Amino acid sequence: MRSINYRVILVQVLVLLFLCINFMLITTFFMKDFFYTTMRYILFAVTLLSDCLMLILTNFLLVMTYFHLTMQLWLCLIIYILTAVYNLVTPVTLTAMTLERYVAICMPLRHAELCSTRSALRCILIIHGLSSVPCIVVVLVFFASASVSSYKQYTLCSVEVFVPQNWQSLLRAVMIQFYFLILCFAVIFSYVKIMQVAKAASGENKKSTSKGLRTVILHAFQLLLCLIQLCCPFVEAAVLQIDFMLYINVRYFNYITFMLAPRCLSPLIYGLRDEKFFHALKYYALCGLYKKFLFNLTN
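Model, not experiment: these values are computed from the prediction. (Residues numbered from 1 in each chain as written. Predicted model: local features only at pLDDT ≥ 70, side-chain atom pairs only at ≥ 80, totals over all residues. Heavy atoms only, no water.)

Asker: Describe the confidence of the model for the protein, and please don't skip the residues or the numbers.
Answerer: When pLDDT is averaged across the protein, the result is 82; 90% of the residues are at 70 or more. Summarising per-element confidence for the protein, the mean pLDDT is lowest in helix α7 (residues 203–240) (74) and highest in helix α5 (residues 117–145) (93). Here residues 292–299 scores under 50 on pLDDT; set against residues more than four positions off or in separate chains, the count is 13 contacts. (pLDDT = per-residue confidence, 0-100. Helix = DSSP H or I, 4+ residues; strand = E, 2+ residues; numbered from the N terminus. Contact = heavy atoms within 4.5 Å.)

Asker: Could you give an account of the environment of V138, with specific residues and numbers?
Answerer: Within the element layout of this structure, V138 appears in helix α5. By relative accessible area, V138 is classed as buried at 7%. Taking the C-alpha atoms as reference points, V138 and F162, 24 residues apart in sequence, are found 7.2 Å from one another. Non-local contacts of V138, meaning those with residues more than four positions away in its chain, are made with Y80, F162, V163, R172 and M175. (Buried < 20%, exposed > 50% of the residue type's maximum accessible area, 1.4 Å probe, protein only.)

Asker: Explain the packing of α5 against helix α6 (residues 166–200) to me, and be specific about the residues and the numbers.
Answerer: Running from N to C, α5 and α6 cross one another at 170 degrees; their axes reach a closest spacing of 11 Å. As the angle between them shows, α5 and α6 are arranged roughly antiparallel. The residues of α6 that touch α5, namely those facing L130, S131, V133, P134, V137, V138 and V141, are W167, Q168, L171, R172, M175 and Y179. (Axes fitted to C-alpha atoms, helices over the stretch in contact; angles between N-to-C directions. Parallel < 35°, antiparallel > 145°, perpendicular 65-115°, else oblique.)

Asker: I'd love a proper account of the state of the cysteines, names of residues and values included.
Answerer: A complete count under the given rule lists 1 disulfide for this structure. Note that C76 is cross-linked by a disulfide to C157, the S-S spacing being 2.1 Å. The sign of the 90 degrees torsion about the S-S bond sets the C76-C157 disulfide as right-handed. Of the two residues, C76 is situated in helix α3 (residues 73–106) and C157 in the loop between β2 (154–155) and α6; the sequence distance between them amounts to 81 residues. (Disulfide = S-S within 2.5 Å.)

Asker: I'd like a description of the environment of L230, backed by residues and values.
Answerer: Relative to the assigned elements, L230 resides in helix α7. C-alpha of L230 to C-alpha of N87: the two residues are 143 residues apart in sequence and 7.7 Å apart in space. In this view, L230 contacts N87, L88 and I176; residues no more than four positions away in its chain are not counted.

Right, here's the structure in full:
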């Protein structure tokens, strides 16, 4: 068995840190009914849960790959389905959060109607449905070509197992690029519309609109990292043909930069920048000792 080097230890520390932060934020979300009855906080919780699942699964696969541990193909298939779906859930949810800010700023009179709790639940179903489409296509193609006996074979679990042919990789790449274009268009559209409202606003409205605009920019940056991460397997596959050690280094860099880094931006955006969530987080983090700064969240 291989010895554990500093890279593996660093990843474990980062994953544990991000999971602890996300767990604290999720706990705060469920402690106040204002949060789980407001659409933007509901979507925020979806990204947190999605990020936690992705961190656990990808870290598990990283450790399995590092120590060259194999598993049966049927188990790898289940893990692949979960990672493929929730790898897209986060960027699609971020786009939905951006559109929610667009409605709140550009269509304030219809915000309560369009962004109700019921609408949020429908939105979550749509998000998961859209995120499942590429995975369903890949899995159906795999089912059509794989024999029944192959599901009991042991293999190193990776996405390459389910897209062995070049045309399958190309199909997957086309679907991801299509999602990339649609999500980018939605974010750019929201940014332009909010920018127009910000220029025309004044006083308190201008302050609120400017804050919404900064939130959209941060969402766009986080979305960019997530979308780059979707393209990483194609870069890694090309590098693997050149040099194996270079492939290991590139994969490690991609995992740290485009998998772990975006997962810490969600807490930054809503855990620290959102005033209501920030004070509630402080209150529960300090076990109620921060009562002086806890205000009426229903205002």
